[in-house]
Amino acid sequence: MRKTKTKLRSILSSLIPGLSSLARRGPSGWMVLVGIAIVSSIVIMTAIAPWISPHSPIASRVGPIRASPSLQFPLGTNHLGQDMFSRILWGGSLMLQVSALSVLICFLVGVPIGLLASYTGGMVDSTTSLVIDAVYAFPGLVIAIAIAAMLGPGVVNMALSIAVVYIPSYFRIVRSQVLSIKELTYVEAARAAGAKWHTILFRYILPNVIPSIVVVVTINFADAVLTAAGLTFIGLGVAKNIPDWGWDLTDGRQYLGSGAWWIITFPGIMIVLLALGFTLIGEGLSELLNPKLQR
Amino acid sequence: MPLLEIESLEVDYRASRGTVHAVEDASFSLDKGETLGLAGESGSGKSTLGLSIIRLVPYPGVITNGHVRIDGTDIVKLPENRMQSIRGRKVAYVFQDPMTSLNPVKRIGAHFVELIRTHEPDTSAADALGRAKNILENLGILPERINDYPHQLSGGMRQRIMIGLAIALNPDLVIADEPTTALDVIVQQKILDLVEGLRKAYGMALILISHDLSIILERCDKIIVLYAGQIFEYANSKELHKAPSHPYTQGLLHSIPNIELSDQKLSAIPGSPPNMLDPPKGCRFWPRCSYAMEICRITEPELIDLKKSHYVRCFLYNQEGRHSH
């Protein structure tokens, strides 16, 4: 127990000076910082929503129907008389869960397959690449919609359908890295020193692939957020009584004509902000971790 | 029984554009504690020959024929797991480029710990680290450097670390593949002196691969001169220095500057090594050879015994050759 605590402390203390040193790394460092700020404030906001939201996000008739933003209802109310501010506070939860879960699935499936296939090489590699490229050739949202429609609603099903779309990008990045790293002298030197294949793969190749994977993970987060929003928007998300920005977009769309702009504007902004946050982290990191791109 | 015995070894690279015979009909042996130099130009097959001793010829290379015996065990058909226990423990290999030979994400100490524990799983990490510190001291590197990452060390230090890794398990044979090519001349001397000192102290045999015949002449008991995958000359170094027999060896020796002959003109061997996908018929060297005869263009010469353990592959020393002279 104490050991994990000290470990945690050492991780934290190495993270925080790391954050401040990011600012010294120029524009890309700032991109990462701003991205981290956006994402973490949305995560915190969603986490503490039960304590700070003025109303229940799913209780109807807490106020007048389709009331425009006012002091009492800062972001207005929707056609059921639900408080939009409370719905915004709560609504990120589903999207964050889905995107985190799908990124985790992508990572756990895409990285090992990429490592093993490209390290083995030959027929294994070319067959796997062919299958993965076939998936990659489809437009992402279309596959996600097809799979989500097959699996039905639910957080896990949404995450699975999004994961299928993004596994190929993990595979391709890992494969391209492994193909170049496995030819390097230190890998050959390890082999010449009698290292077994799993030692070479997990101690020599994987740690050197990780920086590229980190970048894919953050960019994948942004894509997963947008895809999750897309799925809930077309009604393939989850049951109605869970507050969700994507659902509010669909729901509020029909009232836009009657002038109720606030019902879709604020959820839309939140989705864009969250995706932007992840993209900033990803783009910034990829520039920081890949010095060849800087110049 | 010699430590290493290579018998009519053939290694091919089966590329899509054709097959390259990278090593042909190579036979030699090495005793415990002996040093052997492999000299040759780029592409002469010296690294391929070195790597085939630990059976790590890179794809698409294959050992097509012959035997490599280490302590009497033929390794050509040995199962991979037994091969792994030979690599690093019995035979160690030092690669050419020290800048990329260490894993950039692992500390120096971790390299030693992993190597030692791969072959001696019972050794604790702390013991392995202690041994690593001793080795570093022998190499003239501060033991504290064990916690450094490879990028914190200079090229010469990294090559010393590579040598330290090679001797860590006290192998019988160290193969050093152009260990100093990437380093400047002063560091070169230091590294080679270090290798020689450690070799004597530990009683290891050494195969030194280099394109620089002068380094090899200075430091090896026996010398093999390779050209286009074939052994052109094989002799002990004194004999080779005194009486180089093959025109190619003579050319190589004439291209080494000699400080005592101040008015000496350095000569170069004209032309360039052959395209190995389509080597010349007959002797591989005839297009560049100033002694080339009719027979050299038609028949491939055999490696013949010139004197006791001085072998040469040239028609000038052949019965047939003398007749047509």
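Residues numbered from 1 in each chain as written. Chains lettered and ligands numbered in written order. Predicted model: local features only at pLDDT ≥ 70, side-chain atom pairs only at ≥ 80, totals over all residues.

Undergrad: What's the story with the overall build of chain B in this structure? I'm lost.
TA: For chain B, the helix and strand inventory stands at 10 helices and 12 strands. In terms of overall size, chain B behaves like a compact globule, its C-alpha atoms giving a radius of gyration of 21 Å where 325 residues would be expected to give roughly 20 Å. Reported as C-alpha extents along the three principal axes, the dimensions of chain B are approximately 70 × 50 × 40 Å. Split into buried and exposed, the 325 residues of chain B put 42% on the buried side. Summarising the internal contacts of chain B: among those between residues at least 6 apart in sequence, 62% fall at separations of at least 24. (Helix = DSSP H or I, 4+ residues; strand = E, 2+ residues; numbered from the N terminus. Rg over C-alpha atoms; globule rule 2.2 N^0.38 Å. Buried ≥ 20, exposed ≤ 12 C-beta atoms within 10 Å, placed from the backbone. Contact = placed C-beta atoms within 7 Å.)

Undergrad: Explanation requested: the overall build of chain A in the structure shown.
TA: A tally of regular secondary structure across chain A gives 13 helices and 0 strands. Counting from the amino terminus, helix and strand elements in chain A follow one another as α-α-α-α-α-α-α-α-α-α-α-α-α. Projected onto the principal axes, the alpha-carbon positions of chain A cover approximately 75 × 45 × 45 Å. Partitioning the contacts of chain A with sequence separation of at least 6, the portion at a separation of at least 24 is 69%.

Undergrad: Would you mind going over the pairing of strand E3 (residues 35-39) of chain B with me for this structure?
TA: A regular strand places its side chains on the two faces of the sheet in alternate fashion. All names here are of chain B. Across the 5 residues of E3, 5 count as buried, placing the element largely inside the fold. Residues of E3 alternate between two faces, with Thr35, Gly37 and Ala39 on one and Leu36 and Leu38 on the opposite face, all of them buried. Where E3 and strand E8 (residues 205-210) come together, 5 bridges link them in parallel fashion. Directly across from Leu36, in E8, lies its bridge partner Ile207. In terms of strand pairing, E3 meets strand E9 (residues 222-227) through 4 bridges, oriented parallel. Across the sheet, Leu38 pairs through a bridge with Ile224, a residue of E9. (Pairing = 2+ DSSP bridges.)

Undergrad: Any chance you could explain the packing of helix H6 (residues 122-137) of chain A against helix H8 (residues 155-181) of chain A here in plain terms?
TA: In helix packing, the relevant descriptors are the interaxial angle and the interaxial distance, both defined with respect to the helix axes. Residue and element names in this part refer to chain A. Two numbers describe how H6 lies on H8: the axes approach to 9 Å, and their chain directions differ by 135 degrees. With respect to H8, the element H6 is oriented oblique. Both H6 and H8 take part in a crossing whose hand is left-handed. Along the contact surface, H6 presents Ser129, Ile132, Val135 and Tyr136, while H8 presents Val164, Pro168, Phe171 and Arg175. (Axes fitted to C-alpha atoms, helices over the stretch in contact; angles between N-to-C directions. Parallel < 35°, antiparallel > 145°, perpendicular 65-115°, else oblique. Left-handed = near helix turned anticlockwise from the far one by under 90°.)

Undergrad: Please explain the confidence of the model for chain B as it appears in this structure.
TA: All names here are of chain B. In this model, chain B carries an average pLDDT of 89, and 97% of its residues clear a pLDDT of 70 or more. For the stretch residues 320-325, pLDDT sits under 50, and the model shows 9 contacts to residues farther than four places along the chain or on other chains. For this predicted complex, the interface score ipTM comes out at 0.82, while the overall pTM is 0.80. (pLDDT = per-residue confidence, 0-100.)

Undergrad: How should I be thinking about H6(A) in this particular structure?
TA: Think of an α-helix as 3.6 residues a turn; residues three or four steps apart then line up on the same face. Between its terminal C-alpha atoms H6(A) stretches 22 Å, which fits the 22 Å expected from 16 residues at 1.5 Å a residue. Summarising burial for H6(A): 1 of the 16 residues are buried, a small minority. (Expected span 1.5 Å × (residues − 1).)

Undergrad: When you look at the pairing of strand E11 (residues 304-307) of chain B in this model, what are you seeing that I'm missing?
TA: Residue and element names in this part refer to chain B. The pairing of E11 with strand E12 (residues 310-312) spans 3 bridges and is antiparallel. Bridge pairing in E12 places Asp305 opposite Tyr311. Counting the residues in the hairpin turn of E11 and E12 gives 2 residues, including Ser309, whose phi is positive at 45 degrees.

Undergrad: Sorry, what's going on with the interface of chain B and chain A here?
TA: When the parts of a complex come together, some accessible area is lost, and that lost area is often taken as the interface size. Taken together, the contact between chain B and chain A spans 21 residues of the former and 16 residues of the latter. When residues of the side of chain B that touches chain A are traced back to their parent elements, those giving at least two are helix H2 (80-86) and helix H3 (108-119) of chain B. No other element matches the 4 residues that H3(B) contributes to the side of chain B that touches chain A. Tallied by class, the residues present in the side of chain B that touches chain A amount to 9 nonpolar, 8 polar and 4 charged. (Nonpolar A, V, L, I, M, F, W, Y, C, P; charged D, E, K, R; others polar.)

Undergrad: Mind showing me how you'd approach the packing of helix H11 (residues 245-253) of chain A against helix H12 (residues 262-289) of chain A here?
TA: Residue and element names in this part refer to chain A. Remark: H11 packs on H12, axes separated minimally by 8 Å, with the N-to-C direction vectors making an angle of 150 degrees. Taken together, H11 and H12 sit at an angle that is classed as roughly antiparallel. Regarding H11 and H12, the two cross each other, and that crossing is left-handed. Residue-level inspection shows Trp245, Asp248, Leu249, Gly252 and Arg253 of H11 in contact with H12, the latter providing Ile263, Ile264, Pro267, Gly268, Met270 and Ile271. A per-class count over the contact of H11 with H12 returns 7 nonpolar, 2 polar and 2 charged.

Undergrad: I tried to follow the environment of Ile263(A) on my own but got confused; where do I start?
TA: Residues and elements named next belong to chain A. Here Ile263 shows up in helix H12. A residue is classified by how many C-beta atoms lie within 10 Å of it, and Ile263, with 25 of them, is buried. In sequence terms Ile263 and Ala67 are 196 residues apart; their C-alpha atoms lie 9.7 Å from each other. What Ile263 contacts, discounting residues up to four positions off in sequence, is Gly76, Asn78, Met84, Asp248, Gly252 and Tyr255.

Undergrad: Is there a simple way to explain unusual backbone geometry in this structure?
TA: The general pattern is negative phi for most residues beyond glycine and trans for most peptide bonds. Residue and element names in this part refer to chain B. A cis amide bond, omega 0 degrees, links Tyr59 with the succeeding residue Pro60. Locating Pro60 in the fold gives a position in the loop between helix H1 (46-53) and strand E4 (61-70). Located in the positive-phi region is Asn170, a residue other than glycine, with phi close to 50 degrees. In this fold, Asn170 is placed in the loop between helix H5 (155-167) and strand E7 (173-177). On the neighbour-count criterion, Asn170 (11 C-beta atoms within 10 Å) is exposed. Positive phi, normally seen in glycine, also occurs at Ala228, with a value near 50 degrees.

Undergrad: I would appreciate a short explanation of the environment of Cys289(B) in the present structure.
TA: All names here are of chain B. Among the secondary structure elements, Cys289 is positioned in the loop between helix H9 (247-254) and E11. C-beta crowding within 10 Å serves as the criterion here: with 20 such atoms nearby, Cys289 is assigned to the buried category. Those residues in contact with Cys289 that sit more than four places away from it in its chain are Pro247 and Cys296.

Undergrad: Would you take a moment to explain the nonpolar core for this structure?
TA: Among soluble globular proteins, nonpolar side chains are generally buried collectively. Counting 158 residues, the largest nonpolar core has Ile162(A), Val225(A), Ala228(A), Leu173(B) and Val174(B) as its most contacted members. If you tally residues by element for this core, the top one is helix H10 (residues 197-233) of chain A, at 15 residues. Each residue touching Val174(B), except ones within four places of it in the same chain, is listed here: Ala92(B), Val94(B), Ala166(B), Ile167(B), Met204(B) and Leu206(B). (Core = buried A, V, L, I, M, F, W, Y, C linked by C-beta atoms within 7 Å.)

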